[in-house]
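Working through the structure, step by step
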Amino acid sequence: MLLIKCPWCGVRDETEFSYGGEAGIERPLKPEDLNDQEWADYLFMRKNTRGLFLEQWNHSLGCRQWFIVERNTVTYEIIATSKIKNEAPDIQVDA
Amino acid sequence: MQINRLKSGGQINRDKTLRFTFNGQSYKGYLGDTLASALLANGVDIVGRSFKYHRPRGIVGSGAEEPNAIFQIGSGATTEAGMRATQVELYDGLVAKSEKGWPSLSFDIAEVNDWCSKLFGAGFYYKTFMYPAKFWKIYEYFLRRMAGLGAAPREPDPDYYNHQNTHCDVLVVGAGPAGLMAALSAGKSGAKVIIADDQANFGGSLLASKELIEGLTADKWVSSQLQMLEELPNVTCLSRSTVFGYYDYNFLTINERCTNHLSEFTEGHVRQKLWRVRAKRVVLAQGAFERPLVFPNNDRPGVMLASAVSNYINRYGVLPGKNPILFTNNDSAYQAAIDMKIAGAKSVLVVDSRSEQPSDMVDEARNNGIELQFDAVIRNVIGHTKVKGVEISTYDSGSNTCAAQATKRTCDLLIYSGGWSPAVHLHSQSGGINKWDDNRHCFVPHTTKQASFSIGSCNGTWSLEDCLKEGIACGRDVAGSLNLKVNDINLPITKKIKLNPMMPLWQVIAENSVENLPKQFLDYQNDTTVSDIYLAVREGYTGIEHVKRYTALGFGTDQGKLGNINGMAILAIALGKPIAEIGTTTFRPAYTPVSFGVCAGEDIGEMFEPTRKTAIHDFHTESKAPFEIVGQWLRPWYFPKDDEDMSSAVIRECLATRSSLGIMDASTLGKIDVCGKDAVTFLEKIYTHDVAKMAVGQCAYGVMLGEDGMIKDDGVMARLGENHFYLTTTTGGAATVMSWLEQWLQTEWPHLTVYLTSLTDQLSTIALVGPNSRRVLQKLVDADLSNDNFPFMKTCKSEIAGLKVDLFRVSFSGELAFEINVNSNFALYIWNLLMVTGRDFEITPYGTETMHVLRAEKGFIIVGQDTDGSINPHDAGLGWLVSKEKDFIGKRSLERVDSIRSDRKQLVGLLSVDNKSVIPEGAQLIEKKSPSGPTPMYGHVSSSYFSPVLGHPIALALIESGRNRIGDKLLAISSDAKAIEVTIAKPIFYDPKGERQHAK
Ligand SMILES: [Zn+2]
């Protein structure tokens, strides 16, 4: 059972957390501009990385915050955890 | 008669006689016996029948490695299957049965398998019972009966089990010489230590040892060490406690058996405990397993491991034979011969495959009058139900060949030892790697993945002095690594013994002649033989994991503790590769079997899941309403009057509500408060409808989609202020919707300022439903509820009896209706007030069943019943809710090719043609006149009820191109009713114009 360091609460047992899949999947800012293939890529396609992997976890039975975990999918070692940055997306305004 | 019991000796209490039965026969043993030692004392030779060939089998070992003496213990609700007699402590009244052997141990009908064994090689089950598939049920019945894998109790387990979580600096696994020293050394340095051992007493191999330590006998020395450990407040000693799992980040599980040794059932006590331990450091000192030697008929009852023989003599005062022969390739086994002789065996012969070399053990054996024969092997065993003798041949260790001619010797016990295999189980479970050691001829721990240390014989360290030394050093290192002040302990003084190295002897008879010889067993529990390994290789299997699965080597409940290494070595020989290249199979938890009871612990019955009750629950119980479990909530199903049955109650509740006034507890709805300056921006993404266009005070029915475009949840939402909203979700979806909203906010749009607060428990919701609802509610509130002032889909704040309430003019029934939100602390009071006020209109409480009928009459969906994760809003007839002007989660998916197919399943109504048959929910819909052969299935019935107000059955269904097929006739087919002819209809059956809910 993993030990995971919630960036807000500290180190806790895996049972307090839930898994949220690959991190860094950005929702397209203009979904309507995407063709079916591109949309399907966003919607369904995820990496199946062997080795270092960035993923989302939620401290669901704790502070309920989502955060980023860097984990080795082979050894299960957790390398680092970090908060999600509070930044607005960089929206390109059409000239 | 305990014919094999010695007059004295052992750690048993001869003053405490215990009675027990084995296969119906009564026996006696002593306190301190295991079931195995007591059976041996009573001269019981056959304890079971083997899995495939049904050969008679006897006790081989004395611990976790035992493959044959596996019993059903106890009866009725407290019976346990798969118990190793070598690890079952005897108690008075113990009832044991062998699991294998039908109809009896001495006459086993399936022993014919042994005589026809040419047919039963590796892969036999795969090859024979595969076809035809429909016969599998018949095969299975006989296979299970013949295999005899024990029986689970049919009654609930009356025992009590619990779990305990703990942290420690050091967990020491195994309390033999190395483990004791490590625990003492770390403990004296101040570390918080847990030391666990699976036996009743600490000491491990020392319990049967005759060595002197510090001038004390081994057992006395162990007691002195244990006393020191127990005096340390920072050390916890757990006996009868098996560390069975080693998981990530030094998380380990221990199964402590608290009362198993006292009786079959001990009222008022915890029977077993599951310790969940997070340790900073783990010290593995589990010891080693002795290996059998592999030769023809090496499975006959009366063949026993050398270490087991020493255990039975020295610990239990049992002499398992009078006239034994010991077959060995190493020095350690000599101890068993010496113990036999000292305990009174008439003549003892040692057959050693090695040439003679000077050794302390050889000298001691000779001094005790033991006959020795070197450069010799056992090449066959004589006797069927009991060893009667052996065939001995000379052996040339240079060429690894056994002479063709043999001499016969009688004996009543064949003791064997093929050397030792370190118990690397937990090390391997932890992710550690093992390496084959060519000097010690065993796998030893190589690299570790976690903060663990292997010491003593599980590290391939054999001599007592070295084990003690390693334990002390390990305890010191561990304490040092934890920054504790190291408090050294002295190395106890032991006698130095000169030992000669073992000789690898994986199989006595060369491979090319194996086929024509009697079977040479590797895995007793699964009847895997040497020729099975060769067969697997001939059929193309080369990897150990494949050979394991094909031959079932190590697949039993003992996980190959006895036979795996021999099997791997023989695979190496068959493939012509070094053993190091074969590697081990994967070691998995549990190290020894663990009962389901202790895994479940207290999480059973009412403790399995929380039960949630609404604030109005007391009214429901007083009304004797049966409950329906929705999510974790108890919701009243219907409110029977007098001795009404469900269907009459529901008819009455429906008609009362439609004609006058009903009241329902809707408190289980998920309730979420949303506020913050970006609330509108956020909710525009979440809902399909135009949230921004809603006026303050406006309610709307909304659906949320997944990004795949499918309906995720639905409910009424209301705009309470410019940046303040109130959302409702389905009862079952409350928690997941809340988490899902948080996920979007935190991970995708963290720059939005929005606050989400769950109010599900804080607020209760009472629905007042029916044409007289306004009249009654108006009596209690100041707010003007007239249609002009408070029309359909509006919300306002008001007070009832001085209590703040939120009113919503919404309807899940199609009637004029109001939902009242009130602080849960006052909900029962408000409910009762409404009941009194509504008395003039015969206010009728109704439950979930009536709610379902009323909503189905209106064609309102239930998410999860009328949708299933593949239904988008257009399919459900909710296209009118979908904004064309803004983006929202799932919108892009609604434009995918698959989403705009014209033949998608669509929500429609169904009427039975005979106007009286209620169509079963789940029924499949097919053409009335189907061609023979496969029939296209157009959809299924999702909701179905008898409508009291209409006087006929109604149903909702999802049907391919359903909306284009209104008026078509189909057949509804289900497994539990005859086919019903149905007509496709629009899904709104009652008041299709919606005049009632808009009532003036
Ligand atoms: Zn947290």
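Residues numbered from 1 in each chain as written. Chains lettered and ligands numbered in written order. Predicted model: local features only at pLDDT ≥ 70, side-chain atom pairs only at ≥ 80, totals over all residues. Heavy atoms only, no water.

Let us now look at the overall build of chain A. Helix and strand counts for chain A stand at one helix and six strands. In terms of overall dimensions, chain A has C-alpha extents of about 50 × 30 × 20 Å along its principal axes. Relative to its full complement of 95 residues, chain A shows a buried share of 34%. Roughly 6100 Å² of accessible area belongs to chain A as shown, and the carbon and sulfur atoms make up 50% of that amount. In chain A, the 11 positive side-chain charges and the 16 negative ones have mean positions that sit 7 Å from each other. (Helix = DSSP H or I, 4+ residues; strand = E, 2+ residues; numbered from the N terminus. Buried < 20%, exposed > 50% of the residue type's maximum accessible area, 1.4 Å probe, protein only. Areas by Shrake-Rupley, 256 points an atom, 1.4 Å probe, with all protein chains shown as cover. Lys, Arg positive; Asp, Glu negative; His and termini not counted. Charge placed at Lys NZ, Arg CZ, Asp CG, Glu CD.)

Six octahedrally arranged donors around a metal ideally form angles of 90 or 180 degrees; four tetrahedrally arranged donors ideally form angles of 109.5 degrees. All names here are of chain A. Those donors, Cys6 (SG), Cys9 (SG), His59 (ND1) and Cys63 (SG), are the protein atoms that reach the zinc ion, and they lie 2.0 to 2.3 Å from it. Here the zinc ion is ringed by four donor atoms whose angles at the metal span 105 to 116 degrees, and the overall shape comes out tetrahedral. Positions of the donor residues of the zinc ion along the chain correspond to the pattern C-x2-C-x49-H-x3-C. Accessibility expressed as a relative area gives 1% for Cys6, which makes it buried. Judged by relative accessible area, which is 29%, Cys9 ranks as partly exposed. (Donors = N, O, S within 2.8 Å, 3.2 Å for Na, K, Ca; no water. Tetrahedral: all angles 85-135°; square planar, octahedral: opposite > 155°, others 65-115°.)

Turning our attention to the interface of chain A and chain B. Tallying the contact residues gives 31 residues for chain A and 30 residues for chain B. Summing both partners gives a buried area of about 2600 Å² for chain A against chain B, and 47% of it is carried by carbon and sulfur. Linking chain A with chain B are five salt bridges, by the criterion used here. Where Arg27(A) meets Asp887(B), a salt bridge forms, and the shortest distance between an N and an O atom there is 2.9 Å. (Contact = heavy atoms within 4.5 Å. Buried area = accessible area lost by both parts, 1.4 Å probe. Salt bridge = Lys/Arg side-chain N within 4 Å of Asp/Glu carboxyl O.)

As a further point, take the environment of Glu815(B). Residue and element names in this part refer to chain B. Mapped onto the elements, Glu815 comes out in the loop between strand S42 (803–808) and strand S43 (817–823). When the C-alpha positions of Glu815 and Trp436 are compared, they lie 79 Å apart, and in sequence the two are 379 residues distant. Setting aside anything within four residues of it in sequence, one finds Glu815 in contact with Thr657, Arg658, Val769, Gly770, Pro771, Tyr990, Arg996 and Gln997. A distance of 2.9 Å separates a polar atom in the side chain of Glu815 from a polar atom in the side chain of Arg996. (Polar contact = N/O pair within 3.5 Å; in protein donor to acceptor, adjacent residues only side chain to side chain.)

As a further point, take empty space enclosed by the protein. Residues and elements named next belong to chain B. Throughout the structure, instances matching the rule amount to six cavities of 30 Å³ or more. Taken as a whole, the largest cavity holds about 160 Å³ of empty space. What lines the largest cavity is a set of 16 residues, and nearest its centre among them are Ser421, Pro422, His425, Ile565 and Phe587. Here the lining of the largest cavity takes three residues from helix H14 (residues 564–575), the largest share from any one element. Residues belonging to the lining of the largest cavity are distributed by class as follows: nine nonpolar, six polar and one charged. (1 Å grid on protein atoms, 1.4 Å probe; cavity = no way out; pocket = protein on both sides within 12 Å on 5 of 7 lines; lining within 4 Å. Points joined across faces, edges and corners; volume = space filled by probe spheres on them. Nonpolar A, V, L, I, M, F, W, Y, C, P; charged D, E, K, R; others polar.)

Attention now goes to a nonpolar patch on the surface. Nonpolar side chains collect at one region of the surface, where Ile651(B), Leu655(B), Val918(B) and Phe946(B) lie side by side and expose about 290 Å² of accessible area between them. Among the structural elements, Ile651(B) can be located in helix H18 (residues 646–659). (Patch = residues over 30% accessible without salt bridge, like charges linked within 9 Å, V, L, I, M, F, W, Y side chains within 5 Å.)

Ordered by their spatial adjacency, four strands build an open sheet running S3-S4-S5-S6 (chain A), and the pairing between neighbours is antiparallel. Across the chains shown, the open sheet's two edge strands, defined by having one partner strand only, are strand S3 (18–22) and strand S6 (78–83) of chain A. In this sheet, neighbouring strand axes are inclined to one another by 30 degrees on average, regardless of whether the strands run parallel or antiparallel. Bridging between strand S4 (residues 52–58) of chain A and strand S5 (residues 66–72) of chain A involves seven bridges; their strand directions are antiparallel. Its bridge partner being in S5(A), Asn58(A) is matched across the sheet by Trp66(A). Helix H20 (residues 734–748) of chain B contacts S3, S4 and S5 of chain A of the sheet and is inclined by roughly 80 degrees relative to S5(A). (Pairing = 2+ DSSP bridges. Axes fitted to C-alpha atoms, helices over the stretch in contact; angles between N-to-C directions.)

So, on to helix H9 (residues 360–367) of chain B. All names here are of chain B. Listing the buried residues of H9 in full gives Met361, Val362 and Ala365. Projected down its long axis, H9 carries its buried residues within an arc of 100 degrees, all on one side. On its buried face, H9 sits against helix H8 (334–343) and strand S20 (371–373). The N-cap of H9, judged by a side-chain oxygen 3.1 Å from the amide nitrogen of Met361 a few residues on, is Ser359. Gly369 sits one or two positions beyond H9 and adopts a positive phi of about 80 degrees. (Arc of directions from axis to C-beta.)

So yeah, pure geometry; function would need other evidence.
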